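Commentary on secondary and tertiary structure
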Amino acid sequence: MPEFSGSQHAYTCLPGLEYSLVRAVDASCPRNDTASVAALSDGRLMIVWHKYLSNERGTSDFGTIEIASRTSADGGRTWGDERILVRPDLTEDLSVQAPALRRLESGDLLLMCLHSHRADGEGELGGSSSSMELFRSRDEGQTFQSVGYLWRRSPGQWLQGGASSLLQLSSGRLLVPFHYGTGWQGSQHNRVSCMLSDDEGDTWRKAESDIDLPMRGAMEASVAELPDGELVLSLRTQLGAVFLSRSIDGGQHWSLPQTTGLRSPESCTCLRALPGTDDLILCWIDSPYNPTHHHFGVRTPLALALSQDRGQSWTRLGNVAHRDEFNFFDIGCDFVDDETAILTYGFYGPNDYENNLPDQEWHDPEVMDLHAVRLTKAWIYARLAEVQGG
């Protein structure tokens with residue numbers, strides 16, 4: 001198998017795909033992940049992600065994060081200079097995180113990101129309240145102006161995490177999946193719901209139903225729309241498999257989640273519809289369930305599967321990325337036209353068992369870089385024929 005060596009450490013990858021390094025760690029930046037991509041009117045691609053700043057919290061989820069951006073003039077094969085779009089107000093925020101871009105039918109660009117707030121008590125960690133802010137650009141991403149919030153100062157932590165997502169459905173409705181609880185981010189029980197807007201983000205309301213599962217709950221939802229308007233949603237769970245839920249009313253109500261039969265640790269998934277088809281692709285971590293592991297299994301390999309029956313069954317197309325003792329996480333996928341998507345994910349490791357506490361071997365690794373892959377419909381169907389042909 002070929003290898004991608006864009007970071008300090010290489011890993012095996014799939015033939016025929018084009019991989020790129022978006023951002024590597026350095027002395028001022030120990031972690032990069034959770035990306036979203038949109039096409040600009042001049043043909044360039046714009047990527048946003050959350051970039052960590054070096055301080056005493058290092059690569060912890062509760063570190064200091066800002067929203068960074070780069071553009072690509074060659075379809076995502078290389079990425080240009082970095083600029084910072086949103087910085088946290090450190091008097092109130094731990095971080096700004098989980099950015100999502102969306103090109104509206106009207107032509108404007110929306111950018112969404114989450115403010116994770118500090119706790120009121122001095123010295124406390126925070127992670128028990130958030131606000132989701134929305135920005136609009138009318139100059140192709142050169143500038144963004146705040147246009148309000150989807151929610152403010154949540155009672156408990158509300159967040160996206162993993163596959164950040166801001167969708168515009170065929171009806172024109174905006175849909176933002178999120179998960180929430182009433183306690184602290186690291187220990188609360190989570191339910192998934194959606195925020196909905198029918199006026200391009202001027203006003204928002206929460207969907208009427210929630211999605212719930214046992215243990216830590218339902219988390220990090222990823223949504224795809226099929227041509228007839230049915231929505232399919234994939235979930236991060238602690239149940240050892242990828243679960244799907246469905247909506248036939250634009251995200252107001254969701255079905256009881258059912259397992260796909262695809263094994264998975266507690267980790268992010270990313271579900272997308274192939275434009276112009278009833279077919280779905282799923283990116284997820286395909287590793288055995290291990291209830292003794294802190295995330296119920298290791299986070300490698302990063303796999304890709306195709307469904308040609310609306311998510312009822314899946315054909316595994318292969319490992320997009322794999323290396324033992326390394327990890328893949330926070331997966332995103334955005335179609336920048338009807339034929340091409342940019343798949344993004346974080347890559348970190350190697351696991352350090354000697355210098356960390358038990359169950360914390362992933363803290364402050366040598367690499368925690370953001371990678372991207374050009375994924376085309378033509379490649380997907382060619383790979384399907386190859387897999388089915390044996």
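Residues numbered from 1 in each chain as written. Predicted model: local features only at pLDDT ≥ 70, side-chain atom pairs only at ≥ 80, totals over all residues. Heavy atoms only, no water.

**Re the overall build of the protein**
The test is simple: Secondary structure follows DSSP: runs of H or I at least 4 residues long count as helices, runs of E at least 2 residues long count as strands, and numbering of each begins at the N terminus. Residue contacts are defined here by distance: any two heavy atoms, one from each residue, within 4.5 Å place the two residues in contact. Areas reported as accessible are Shrake-Rupley estimates using a 1.4 Å probe. Residue values count occlusion only from the protein chains shown. Residues scored as charged are limited to Lys and Arg (positive) and Asp and Glu (negative), so that His and the chain ends carry no count. Every charge is mapped onto a representative atom, which is NZ of Lys, CZ of Arg, CG of Asp or CD of Glu.
Helix and strand counts for the protein stand at one helix and 27 strands. Taking the contacts inside the protein whose residues are at least 6 apart along the sequence as the reference set, 54% of them involve residues at least 24 apart. As presented, the protein carries roughly 15000 Å² of accessible surface, and 47% of it is formed by carbon and sulfur atoms. Here the protein contributes 32 positively and 54 negatively charged side chains, and the mean placements of these two sets differ by 2 Å.

**A closer look at the sheet that holds strand E21 (residues 270-273)**
Hydrogen bonds along the backbone pair up the strands of a sheet, which may run parallel or antiparallel. Convention followed: Strands were regarded as paired on the criterion that DSSP finds at least two bridges between them. To get an axis, a line is fitted to the C-alpha atoms, and for a helix only the part in contact is used. The angle between two axes follows their N-to-C directions and goes from 0 to 180 degrees.
Pairing within the open sheet is antiparallel, and its six strands lie in the order E1-E2-E24-E23-E22-E21. Only two strands of the sheet have a single neighbouring strand rather than two, namely strand E1 (3-4) and E21. Strand direction decides the pairing type here: E21 and strand E22 (residues 280-285), joined by four bridges, are antiparallel. Its bridge partner being in E22, Ala273 is matched across the sheet by Leu280. Packed on one face of the sheet, helix H1 (residues 377-388) meets E22, strand E23 (302-307) and strand E24 (315-322) and runs near 110 degrees to E24.

**Quick look at the pattern of salt bridges**
Note the cut-off: Any carboxyl oxygen of Asp or Glu that lies within 4 Å of a side-chain nitrogen of Lys or Arg is treated as forming a salt bridge with it. Note on classification: 1.4 Å probe, protein chains only; a residue is buried when its accessible area is under 20% of the maximum for its type, exposed when over 50%, partly exposed between these limits.
In this structure the tally under the stated criterion is 31 salt bridges. Among the salt bridges present, the one from Arg310 reaches Glu230, with a minimum N-O distance of 2.6 Å. Of this pair, Arg310 sits in the loop between E23 and E24 while Glu230 sits in the loop between strand E17 (219-225) and strand E18 (231-236), and the two are 80 residues apart along the sequence. Judged by relative accessible area, which is 14%, Glu230 ranks as buried.

**So, unusual backbone geometry**
Cis rather than trans, the peptide bond between Thr300 and Pro301 has omega equal to 5 degrees. Mapped onto the fold, Pro301 is located in the loop between E22 and E23. Going from Gly349 to Pro350, the amide bond is cis rather than trans, its omega being -5 degrees. Its place among the elements puts Pro350 in the loop between strand E26 (340-349) and strand E27 (367-376). The phi dihedral of Ala98 is positive, around 50 degrees, even though this residue is not glycine. Within the secondary structure, Ala98 sits in strand E8 (residues 93-103). For Ala98, a relative accessible area of 1% puts it in the buried group.

**Structural notes on the sheet that holds strand E11 (residues 145-151)**
Pairing in this open sheet of four strands is antiparallel, and the strands run E8-E9-E10-E11 from one edge to the other. At either margin of the open sheet sits one strand with a lone partner, and together these are E8 and E11. The average undirected angle you get between the axes of adjacent strands in this sheet is 25 degrees. Two elements, E8 and strand E9 (residues 109-117), share eight bridges in a ladder whose sense is antiparallel. The residue bridging Arg103 from the neighbouring strand is Leu109, located in E9.

**Quick look at the nonpolar core**
Where a protein is soluble and globular, its nonpolar side chains tend to be buried together. Stated precisely, the cut-off is as follows: As used in this record, nonpolar core signifies buried Ala, Val, Leu, Ile, Met, Phe, Trp, Tyr and Cys residues forming a set joined through side-chain atoms within 4.5 Å.
The biggest cluster of nonpolar side chains holds 33 residues, and the ones touching the most others in it are Tyr19, Leu302, Val320 and Tyr345. Within the residue set of this core, elements represented by two or more residues are strand E2 (11-13), E22, E23, E24, strand E25 (327-335), E26, E27 and H1. Tallying contributions element by element places E26 first for this core, with four residues.

**Topic: the packing of aromatic side chains**
Let me state the cut-off plainly: Ring pairs shown here join Phe, Tyr and Trp side chains whose ring centres sit within 6.5 Å, with only the six-membered ring taken for Trp; geometry is labelled stacked below 30 degrees between planes, edge-to-face above 60, and tilted in between. Only when the NZ atom of a Lys or the CZ atom of an Arg is both within 6 Å of the ring centre and within 35 degrees of the ring normal do we say a charge sits over the ring.
Summed over the entire model, instances satisfying the criterion amount to 16 aromatic pairs. Residues Phe178 and Tyr180 carry aromatic rings whose centres are separated by 5.7 Å and whose planes lie at 35 degrees to one another, so their mutual orientation is tilted. Neither Phe178 nor Tyr180 differs from the other in exposure class; each is buried. Looking at Arg152, its charged tip hangs above the ring of Tyr149, at a distance of 4.0 Å from the centre.

**A closer look at the environment of Val176**
Here Val176 lies in strand E14 (residues 174-180). The buried category is assigned to Val176, whose relative accessible area is 0%. Separated by 153 residues in sequence, Val176 and Phe329 place their C-alpha atoms 20 Å apart. In contact with Val176, not counting residues within four places along its chain, are Met112, Leu150, Gln160, Ser165, Leu166, Ser193, Cys194, Met195 and Trp204.

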